[in-house]
Structures are given as structure tokens and as C-alpha cells.
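The residues making up each chain are set out below.
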Amino acid sequence: MADAALRLQNLFEQLLGAPLPVRVRAWDGSQAGPPGTPTLVVRHRRALRRLLFKPGELGLVRAWVAGDLDVEGDLYTALDLLAGLVWERGEDARGLVAALRDPEVRAAVRGLVKLAGPPLPPAPPPEEVRRPRRHLHTRRSDKRAISHHYDVGNDFYELVLGPSMVYSCAYWSAPEAEGGTLETAQRDKLELVCRKLGLKEGQRLLDVGCGWGSMALHAAREHGVSVVGVTLSQEQAAYARKRVADEGLTDRVEIRVQDYRDVADGPYDAISSIGMAEHVGAERYLEYAAGLYRLLKPGGRLLNHQIARRPQQDESSYSVDEFIDSYVFPDGELAPVGTTVTQLERAGFEVRDVESIREHYALTLRRWVTNLESEWEAATRLVSPGRARVWRLYMAASALSFEHNRIGVNQVLAVRTPDSGASGMPLRARTWN
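Position numbers for residues count from 1 along each chain, tracking the sequence in the order it is written. In keeping with the model being predicted, local features are shown solely for residues with a pLDDT of at least 70 and side-chain atom pairs are shown and tallied solely at 80 or more, while totals for entire chains, interfaces and linings include all residues. No hydrogens and no water enter the side-chain calculation; it runs on all heavy atoms of the structure.

Chemist: Hey, could you run me through the overall build of the protein in this one?
Modeler: To qualify as a helix, a DSSP run of H or I must reach at least 4 residues; to qualify as a strand, a run of E must reach at least 2; elements of each kind are numbered from the N terminus. Across its full length, the protein holds 17 helices and 11 strands. Residues count as neighbours in contact if any of their non-hydrogen atoms are within 4.5 Å of one another. Looking at the protein alone, contacts between residues at least 24 apart form 74% of all its contacts between residues at least 6 apart. Note that accessible areas follow from Shrake-Rupley with a 1.4 Å probe, and for residues the cover is restricted to the protein chains shown. A total of about 19,100 Å² of accessible surface is found on the protein, and carbon and sulfur atoms cover 51% of it.

Chemist: Looking at this model, I keep getting lost on the sheet that holds strand β3 (residues 39–42). Mind explaining?
Modeler: Pairing between sheet strands relies on hydrogen bonds along the backbone, with the strands arranged either parallel or antiparallel. Two strands pair if DSSP finds at least two bridges between them. Here 4 strands make up an open sheet; going across it, the order is β2-β1-β3-β4 and the pairing mixed. For this open sheet the edge positions go to β2 (31–32) and β4 (69–72), each flanked by a neighbour on one side alone. Looking at chain direction, strand β1 (residues 23–25) and β2 are connected through 2 bridges and run antiparallel. Looking across to β2, one finds that R25 is bridged to Q31.

Chemist: Would you mind showing me how to read unusual backbone geometry here?
Modeler: Negative phi is the rule for most residues except glycine; trans is the rule for most peptide bonds. Along the chain, G266 connects to P267 via a cis peptide bond; the corresponding omega equals 5°. For P267, the location among the structural elements is in the loop between β7 (253–257) and β8 (268–274). Positive phi values are uncommon outside glycine, yet M165 reaches one of about 50°. Mapped onto the secondary structure, M165 falls in the loop between α8 (154–161) and α9 (182–197). For every residue, the accessible area obtained with a 1.4 Å probe (protein chains only) is divided by the maximum for its type, and the residue is called buried under 20%, exposed over 50%, and partly exposed between those limits. Judged by its relative accessible area of 2%, M165 falls in the buried class.

Chemist: I tried to follow the nonpolar core on my own but got confused; where do I start?
Modeler: As a rule of thumb, soluble globular proteins bury nonpolar side chains together. Definition of nonpolar core: a set of buried residues of the types Ala, Val, Leu, Ile, Met, Phe, Trp, Tyr and Cys, connected through side-chain atoms within 4.5 Å. Grouped together as the largest cluster of nonpolar side chains are 68 residues, with contacts concentrated most on W368, W391 and M395. Per-element accounting of this core gives the leading share, 10 residues, to helix α17 (residues 385–403). Residues V166, L197, A216 and V225 belong to the second largest nonpolar core, which totals 27 residues.

Chemist: What's the story with the sheet that holds strand β10 (residues 350–356) in this structure? I'm lost.
Modeler: Sheet architecture is open: 7 strands sit in the order β7-β6-β5-β8-β9-β11-β10, paired in mixed fashion. On the outer flanks of this sheet lie β7 and β10, each paired with one strand and no other. Pairs of neighbouring strands in the sheet enclose a mean axial angle of 15°, with direction left out of account. Interaxial angle, 0 to 180 degrees, is taken between N-to-C directions of lines fitted to C-alpha atoms, where a helix line uses only the stretch in contact. Helix-sheet contacts for helix α11 (residues 234–246) involve β6 (226–231) and β7, and the interaxial angle to β7 is about 165°.

Chemist: Is there a simple way to explain the pattern of salt bridges in this structure?
Modeler: Pairing between side chains becomes possible if they bear opposite charge and their charged atoms approach one another. What counts as a salt bridge is simple: a side-chain nitrogen of Lys or Arg found within 4 Å of a carboxyl oxygen of Asp or Glu. Evaluation of the coordinates by the stated rule reveals 21 salt bridges. We note a salt bridge from E72 to R25, for which the minimum N-O separation is 2.7 Å. Separated by 47 residues along the polypeptide, E72 in strand β4 and R25 in strand β1 bring together distant segments of the chain. The class of E72 is partly exposed, set by a relative accessible area of 35%. Here the residues in one salt-bridge network are R204, E254, R256 and D265, joined through shared partners.

Chemist: What's the story with the confidence of the model for the protein in this structure? I'm lost.
Modeler: Close inspection of predicted coordinates is inappropriate for parts of the model with low pLDDT. Every residue is assigned a pLDDT by the predictor, reflecting its confidence on a scale from 0 to 100. Averaged over every residue, the pLDDT of the protein is 86; residues scoring 70 or more account for 81%. The low-confidence segment residues 115–125 (pLDDT under 50) makes 18 contacts with residues lying over four places distant or belonging to another chain. Contacts of residues 145–150 to residues separated by more than four positions or lying in other chains number 23 contacts, the stretch itself having pLDDT below 50.

Chemist: I would appreciate a short explanation of the side chain of Q258 in the present structure.
Modeler: Within the secondary structure, Q258 sits in the loop between β7 and β8. Each polar contact in these results corresponds to two N or O atoms within 3.5 Å; when the atoms are within protein, one needs to be able to donate a hydrogen and the other to accept it, and residues that are neighboring in sequence are counted only if both atoms are side-chain atoms. Only 3.1 Å separates the side chain of Q258 from the side chain of R256, close enough to count as a polar contact. One polar contact links the side chain of Q258 to the main-chain carbonyl oxygen of D262, over a distance of 3.1 Å. In this view, Q258 contacts V230, T231, L232 and V263; residues no more than four positions away in its chain are not counted.

Chemist: Looking at this structure, I do not really get the pairing of strand β11 (residues 407–415). What am I missing?
Modeler: Regular strands have side chains that alternate between both faces of the sheet. Burial runs high along β11: 9 of the 9 residues are buried. Going residue by residue along β11, you find I407, V409, Q411, L413 and V415 tucked away on one face and G408, N410, V412 and A414 tucked away on the opposite face as well. As defined by bridge partners, strand β9 (residues 296–309) adjoins β11 across 9 bridges and the pair is classed as antiparallel. What sits directly across from L303, in β11, is L413. Relative to β11, β10 runs antiparallel, the two being bridged by 6 bridges. In the strand pairing of β11, D353 is matched with L413.

Okay, structure coming up:
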């Protein structure tokens, strides 16, 4: 039994096709691998069973969520080292799936499962979303997906996001090491959106996917506009309405539980869509863009703030990330920024500016992870330990993905330019007003 860690190391190296860059500790206390590196802890043989049942990324994630698999030491370093092996080989999780389906590899896994004695009792499966893909992005499925992600308790989001309660990429004038703070960076992001939209007192703003109301409150308070914010989350809406009332802005801000497709009281002078379009889906994106176009006045501006993935040589083979889809953003889909721009233009918009703020999201996510880790016991009380582990892994892995340019985030400014061609945009780029 003392050789469990060594056998695990050999198994992982067979799967990865390279030396294991982290240390490994098995359920029997044995250790193997390079010293002075983060340690991959296999707490239970169930982790291997999960891999046999679901080869690849989802099996590993199920083990992580259940607590059968863990990392001691710096999580970012461990993820970077392990993910780096996969990306350097030009593969994604499908390469691990193929390896785990090899009969010899599966036999080695079974041998490790049996190594410590009699069979383990069955473990309860971690929480995840299971639903048929054919029901993507109906009004009902979108409401269910949003509820899964956002209705986990406002107290939990306060812990992770901090006082700003903004769940999207901040805009950092300086990293924390140089005096920047998350609250200042989020305020600056909201102000940047307002300036790009050219908001003026008396105008009407539609905030699509308004979250906990931060954008609506900032625009009304700082720029004197009237705002309608829409969300599908009951918990977000209740929280946002209380904030609006507490700030005495009920005459300027209305928060609705409403699908963006059902908004019918246009035209608006401007529309902000911040971190919402990722939920729309490829099949519905043109409908989304055309709907926002109809809700704008001629000359009105749209600011679309959206995460993007890198394009693939064969876009027909693109598949969603199983971890994200099952545990974090059910039915979420990312598109290359070029696809987003094309769809907005097909809907009639004139795209005037695209700004990548990829590095800013990495800084934001690292701050959220720190917030979560510093309040770990409170987080596990507010949600489940498994849900807290999902968020820690998701945010840390996402930070690395932004840092390594595997995904990005862009602010796309578009105008419903009238037939006259007078866009209302300044002659000098990025002066906005």
C-alpha cells in the first residue's frame, strides 16, 4: 500500500505524456514527485472511480467538488503547471478523455482503486446541472440557468465581490501592489461605460442583465439619467431594489424581473449590456443584437461588455467547457470577438470601438479568489463546501486563462447610426462625449 503515490505519479505521467510537475500525496499518506512544488492530494480512491466513470475534465472536477481531490500550496501554480502540459501538447481535455479510455490505463486505475482493500461505499454525486441541450436559450431555460448561477444567496456574493457588488471585469488604473483597490477599479469601470455611452442628464438608459443594480445606481446618481434595469434573478432584483430605495433613487431607477426579449417600452437613448451576452448563446445572438437595436433611438449607443474565446480553425467542432456548463454557467457560450462584431453589424449597428481589457479581468478574478479564501469558513456556511470549491477552482482557473490569452474580454461600442450618417461620435477617438 505504501507505493500508492508512486503509482499515482506514474499514472498521471502516462496520461500527460510528461513528468508530473507537482508532488502527489495519496490517501495512505505516501508521497511522490518533485519536492518544493504544490501537492496534488488524492484524498480518496473515489477520485479515480470518478475518472473511470467520466474520463477527462468532468471526472476530475467531480472529484474536486466532492473533496476527493485537492491542492496544497499555491493553487495558481498547480493549475498553471498542470494545464501548461496539456496546452503545450496542443490538446484540450479531449486528449485526456482518449487516454483514460485506453484499456491499459483503465486497468492501472482499477488496480489503484483496489490497492487499499475492500470497495468504498458509494459517494453522493456533487451538485451539477443536467438538462437536454435541445432546450438551450428558451425563456424558461435561460431563467433556470440564471437562477442556478445567481440565486445562491446575496450574502455569498457580497463576500466574494466586495462592497461594489459588481460581477464583471473591473478597470484597474493600477494593480493592488501599486495601490489599486477592487472598489475603485469597479467604480472606474462603471464610469468608463457611462462615458462611452455619452450619458447626459434626462436620458433613458436600459441596463440589460443589471445584476445587483450597481451600473443603474452609478448612472442615475452620477449622470442624472433614468434607468431601467432587467434581470432574470429574483434575488438580484430584490437586492437591487433595496439599494435603489436606500439611495433615494426610486424616481430614476426601475428594476424589473424581465427577459430582455420582453422589453417593449423603447426607445432608449443608450443600452449597457455588461457580462450578460455570454448567456445569450450563438443561436440567439442575432436575435439579441436585433432586439437591442430596435430598442435604441437613432443615434443611440450600445456598450456590449463580453467575454470572448479564441477562434478555432474548425468552428464546427467547438464544444462548451464541461466544468463551466455543469457547475458554473449552465448554457453559457463564448464566441470570438470578431463573431460578436459581425453579429452586431448584421443587426444594423455601426461598431465604433473595440477595447480589450483582458489583463484587467485576471486582476479582478485574483481579488475575488482572495476574498473567498479569506472568508472560507463563512463561504462554506453560506453555500455548500462543494459550491465554494467550485467557485474557487472556477475563478482561479479563469484568472490564468485570461493571463495566458486563452480567453479575453472586450468592450464593444456600437451606434444605431441614422440614415443621415450622423453618428454623434466625436472626431477624436476615445474622447467619447
